[in-house]
Amino acid sequence: MSGSQICTQQQREKWSEMMGREVQARTRRVVRELERLVRELGEINGGGGSPRRNGSGRGGSGGGGGDSLRSTGVVWESCDALIELESMGIGGLAVVKAGQYRDTIRDAIEELREWKEGEDLDSEGQDELLDEGDEGVDGDRFEDLFHAANSMPNDRPELRRLAEEADGKLKKVVLLYTAAIKRRFKTLKTLEGGEGRSEEELRRLDQVMGVLDGIPHQVDELASCFYDLDEDRVRRSLKACVDEAAQAASLLERNWEDQEDEFTTWGGKWKEAIS
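Residues numbered from 1 in each chain as written. Predicted model: local features only at pLDDT ≥ 70, side-chain atom pairs only at ≥ 80, totals over all residues. Heavy atoms only, no water.

In its Sequence similarities (unreviewed entry) section, the UniProt entry covering the protein states "Belongs to the CCNDBP1 family." (UniProt positions renumbered as here; feature names shortened; annotations may be inferred.)

Structure representation (structure tokens):
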């Protein structure tokens, strides 16, 4: 708990807000899981979940001992996760976080692709559930909603074109994450402890991580626009995704020594390709 407070107090000058929040989150999990374990042990001692003498208290499925053993394992796991931050450092944490954001976008791309290429179900199952005379069901509207939940309607060529455009641009966004991890965040190892680094560099790191964190949420909103069959909202949401990604590319344009390098040139070409 003291370490978490120290890290939070020094995050601007030494550790970054990203690390401060992560330390807090992982410390909170340790405390929460420890509290759960102590509560379960108290229930066992109080007779509420006392283990049987047939060995179930040693991890079997018949009593509270099995639950406490699992909870003990979770406590150890949460402690290991907190300790891991020491060896991971700022650079390692940035790599992990950026990789998680990238994987979320990859999953969204795959879901959109499956929706775009899904079979037209021709209202299969509609008759078994409702007919057009039922209250609250408008026949055409019901069919649109039913199809939208499973696959893209065949009679929406502009929506299909937008889906293909989104697929191509989101792939480029994923590529930006991959390049940033390799060329920027993996070079942050020298930032551990903030030695020899300025507040400005840490501020830039926190700023870019905030943008990279926000893009997956924007991609989720884009997917919702597609499922709602709203072309205007799709266009606006896709533009917002691209704009945020371009902002991240701009923040990463120069290296941590504020110099241009290969990534600087690559970033300029990436912006041209995604625009």
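Structure shown, so let's carry the discussion forward.
### So, the packing of aromatic side chains
Following the criterion strictly, the structure yields 3 aromatic pairs and no others. Ring centres 5.4 Å apart and planes at 70° place the aromatic pair Trp115 and Tyr227 in the edge-to-face group. Of this pair, Trp115 sits in helix H3 (residues 64–117) while Tyr227 is found in helix H7 (residues 199–227), placing the two residues 112 residues apart along the sequence. Looking at Trp115, the relative accessible area reads 4%, which means it is buried. Note on Tyr227: relative accessible area 30%, which makes it partly exposed. Three or more aromatic residues link up through ring pairs in this structure, and these residues are Trp115, Phe226 and Tyr227. (Phe/Tyr/Trp six-rings, centres within 6.5 Å; stacked < 30°, edge-to-face > 60°. Helix = DSSP H or I, 4+ residues; strand = E, 2+ residues; numbered from the N terminus. Buried < 20%, exposed > 50% of the residue type's maximum accessible area, 1.4 Å probe, protein only.)

### Notes on helix H8 (residues 231–251)
Owing to its 3.6 residues per turn, the α-helix aligns residues three or four sequence positions apart on the same side. The terminal C-alpha atoms of H8 lie 30 Å apart, and with 21 residues this matches the ideal 30 Å at 1.5 Å per residue to within 8%. Among all positions of H8, only Glu231, Val234, Ser237, Leu238, Cys241, Val242, Ala245, Ala248, Ala249 and Leu251 are buried. In the core, the buried residues of H8 are packed alongside helix H6 (157–183), H7 and helix H9 (262–274). Capping the start of H8 is the job of one residue whose side-chain oxygen sits 3.3 Å from the backbone nitrogen of Asp232: Asp230. (Expected span 1.5 Å × (residues − 1). Contact = heavy atoms within 4.5 Å. Polar contact = N/O pair within 3.5 Å; in protein donor to acceptor, adjacent residues only side chain to side chain.)

### Topic: empty space enclosed by the protein
Summed over all chains, the structure comprises 1 cavity of 30 Å³ or more. Computed from the structure, the largest cavity encloses a volume of approximately 70 Å³. As for the largest cavity, its lining consists of Ile109, Leu112, Arg113, Lys116, Ala163, Ala166, Asp167, Leu170 and Phe226. Sorting the residues of the lining of the largest cavity by element identifies H3 and H6 as the ones contributing at least two each. A class-by-class count of the residues in the lining of the largest cavity yields 6 nonpolar, no polar and 3 charged. (1 Å grid on protein atoms, 1.4 Å probe; cavity = no way out; pocket = protein on both sides within 12 Å on 5 of 7 lines; lining within 4 Å. Points joined across faces, edges and corners; volume = space filled by probe spheres on them. Nonpolar A, V, L, I, M, F, W, Y, C, P; charged D, E, K, R; others polar.)

### Things to note about the side chain of Lys169
Mapping Lys169 onto the fold places it in helix H6. With residues near it in sequence (within four places) discarded, Lys169 still touches Leu238, Val242, Ile274 and Ser275.

### With respect to unusual backbone geometry
Located in the positive-phi region is Ser16, a residue other than glycine, with phi close to 85°. Here the phi dihedral of Asp258 falls at roughly 60°; this positive angle occurs in a residue that is not glycine. Examined against the element boundaries, Asp258 turns out to sit in the loop between H8 and H9.

### A look at the environment of Cys7
Tracing the backbone through its elements, the reader meets Cys7 in helix H1 (residues 2–9). Sequence separation of Cys7 and Gln24 is 17 residues, and the distance between their C-alpha atoms is 8.9 Å. Leave out the neighbours within four places in its chain, and Cys7 touches Trp15, Met19, Gly20 and Val23.

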